[in-house]
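# Chains, contacts and geometry: an overview
As a plain string of letters, each chain reads:
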Amino acid sequence: MKTLKTLLVDDEYSAIEGLAIRLAAFPQIQVVGHATHVDAALRLINQTAPDLIFLDIEMPGKSGFELIKQLQPETCPAIIFVTAFHQYAVQAFEVRALDYLLKPVKTQRLAEAIARVSSASETQVATKQQLLEVRDILLNGQLNQGKDSPPIYRIEQEKLVIQDGHHPAQLVPYADILWIDAAGDYMCVHTSADTFVMRARLKSLIKETLPTDFIRIHKSTIVNLAHVTRLEPLPNSEYNAILINNKSLKVSRTYSRPLKCRLLQKAKD
C-alpha cells in the first residue's frame, strides 16, 4: 500500500485538528503539514511535494480554487475538497477533484474518498493530460479551442450533481430525469431506474440549476417536459401529466396554463 504524503488546508485550525485525528486511523495517510491560508499552503507544497491535499474552499484572502490555479499541472497533487458549502460541487469536479466532502465529514465518506485516491494513485488515473485540463479550466474558464470548435462539455450543462455528504457524488444526466419532487429541505430526483435524494430547495433548482425543459407543475413538483406524453383533464382546471413510464403527476390550476403553453410550443418546434 503506497503511503500518501498529505497536506491539510483549512482556515479553521479546529477543523484541521479534527481531520488529522480521523486520518490517523488510515495507515496509508501520512500528514506532512497543515496550513490555514493559501500562501502558507503553497510554501508547504514546494517543501513537501504532497500526493494529496484536503482542501477547504472559502478561506480569507484566497480560495481553494485559487490555490489549484497556482499549481503546476504535471505535479498537481490529488485534491479532496472539504467544505461546508454544497454549491461548489460542480466547480470542484470540473477541476478534477477526486472527491467533495461536506462538513461535518462522516467517517464512511472519508474512507471512501481515501480509497478513491489510493486507487487513482495506483492505476495512474490522474494523467498529465487531465492535469493540463485542470489548469486550462481554471485560467481560461474553458479548454483552449478555436472559434469553430464544437461546444465544450461542461458538467452543469449536461448533468445534475447530487451530493448529500454521506455518499460519493452522483452525476445524473438531465435527459434521464423524469421529475423532481420536494420533501422538506430535500429533493427526490426520479429517473426511470432510480431515485436520488439531494439537499436543495425547489425554487433554487428551477432558478439556478435546471435547464429550461424543466417546469414547475405543482408547489412541490418539477417535471421534465421531454418525458410528458399527454395531459388528462381533471375538475377545477387541473390536470394529470402522464409521463413516458405511465407515472401520473398532479398539475395544479396555478401551473396548468403555463404547462399547456410550453407543451404546445414544444410540439411546434
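Along each chain, residues carry numbers from 1 onward, in the same order as the chain's sequence is written. Thresholds applied to this predicted model are a pLDDT of at least 70 for local features of residues and 80 or more for the giving and counting of side-chain atom pairs; totals over whole chains, interfaces and linings are not thresholded and use all residues. Excluded from the side-chain calculation are hydrogens and water; included are all heavy atoms of the structure.

### Comments concerning the sheet that holds strand β1 (residues 4–9)
The strand order across the open sheet built from five strands is β2-β1-β3-β4-β5, with neighbouring strands paired in parallel fashion. Of all the strands in the sheet, the pair left with one neighbour each is β2 (29–35) and β5 (99–102). The mean angle between the axes of side-by-side strands here comes to 20°, regardless of whether they run parallel or antiparallel. A strand pair is defined by DSSP finding two or more bridges across the two strands. Secondary structure counts use DSSP, requiring at least four H or I residues in a row for a helix and at least two E residues in a row for a strand, with both numbered from the N terminus. Examined bridge by bridge, β1 and strand β3 (residues 52–55) share four bridges and lie parallel to one another. Across the sheet, residue L7 finds its bridge partner in β3, namely I53. In the packing of helix α1 (residues 13–23) onto the sheet, contacts are made with β1, β2 and β3, and the angle to β2 comes to roughly 175°. Angles here are taken between N-to-C directions and fall from 0 to 180 degrees, while the axes themselves are lines fitted to C-alpha atoms, restricted in helices to the stretch in contact. By definition in these notes, contact holds between two residues if any of their heavy atoms fall within 4.5 Å.

### So, the pattern of salt bridges
Salt bridges are counted wherever a side-chain nitrogen of Lys or Arg sits within 4 Å of a carboxyl oxygen of Asp or Glu. Taken as a whole and judged by the stated rule, the model has eight salt bridges. Here K103 ties to D10 by a salt bridge, and the two come within 2.7 Å at their closest N and O atoms. In this pair, K103 sits in the loop between β5 and α5 (107–123) while D10 sits in the loop between β1 and α1, placing the two residues 93 residues apart along the sequence. Judged by its relative accessible area of 5%, D10 is buried. A single network of salt bridges, built from pairs that share partners, joins D99, R109, E112 and R116. Each residue gets one of three labels from its accessible area relative to the maximum for its type: buried under 20%, exposed over 50%, partly exposed in between, using a 1.4 Å probe on protein chains only.

### Concerning the packing of aromatic side chains
Pairing of aromatic rings covers Phe, Tyr and the six-membered ring of Trp, with a centre-to-centre limit of 6.5 Å; geometry is then stacked below 30 degrees between planes, edge-to-face above 60, and tilted otherwise. This model, assessed by the stated rule, comprises four aromatic pairs. What links up through ring pairs into an aromatic cluster is the set F65, F81, F85 and Y88.

### Structural notes on unusual backbone geometry
In this structure, P104 follows K103 across a cis peptide bond, with omega equal to -5°. Its place among the elements puts P104 in the loop between β5 and α5. A positive phi angle, near 45°, is found at A49, a position not held by glycine. Taking the relative accessible area as the measure of exposure, A49 reaches 47% and is therefore partly exposed. Positive phi, normally seen in glycine, also occurs at N246, with a value near 70°. Checked against the element boundaries, N246 lands in the loop between β14 (238–243) and β15 (248–251).

### Structural notes on helix α2 (residues 38–48)
Within α2 the residues assigned to the buried category are V38, A40, A41, L42, L44, I45 and T48. Summarising the contacts, the buried residues of α2 are in contact with β1, β2, β3 and α3 (64–69). Downstream of α2 by a residue or two, A49 has a phi angle that is positive, lying close to 45°.

### A word on the nonpolar core
I53, L55, L67, F81 and Y100 are the most contacted members of the largest nonpolar core, which has 28 residues in total. Only β1, α2, β3, α3, β4 (78–83), α4 (89–94) and β5 provide two or more residues apiece to this core. In terms of residue count, the dominant contributor to this core is α2 (six residues). Take the buried residues of types Ala, Val, Leu, Ile, Met, Phe, Trp, Tyr and Cys, join any two whose side-chain atoms come within 4.5 Å, and each joined set is a nonpolar core. Within the second largest apolar cluster, 18 residues are counted, among which are A78, I80, V82 and L110.

### Digging into helix α9 (residues 253–268)
Here α9 is 16 residues long and its end C-alpha atoms lie 24 Å apart, about the 22 Å a rise of 1.5 Å per residue gives. The inward-facing, buried residues of α9 abut β11 (214–218), β13 (228–234), β14 and β15. Each residue after the first adds 1.5 Å to the expected span of a helix.

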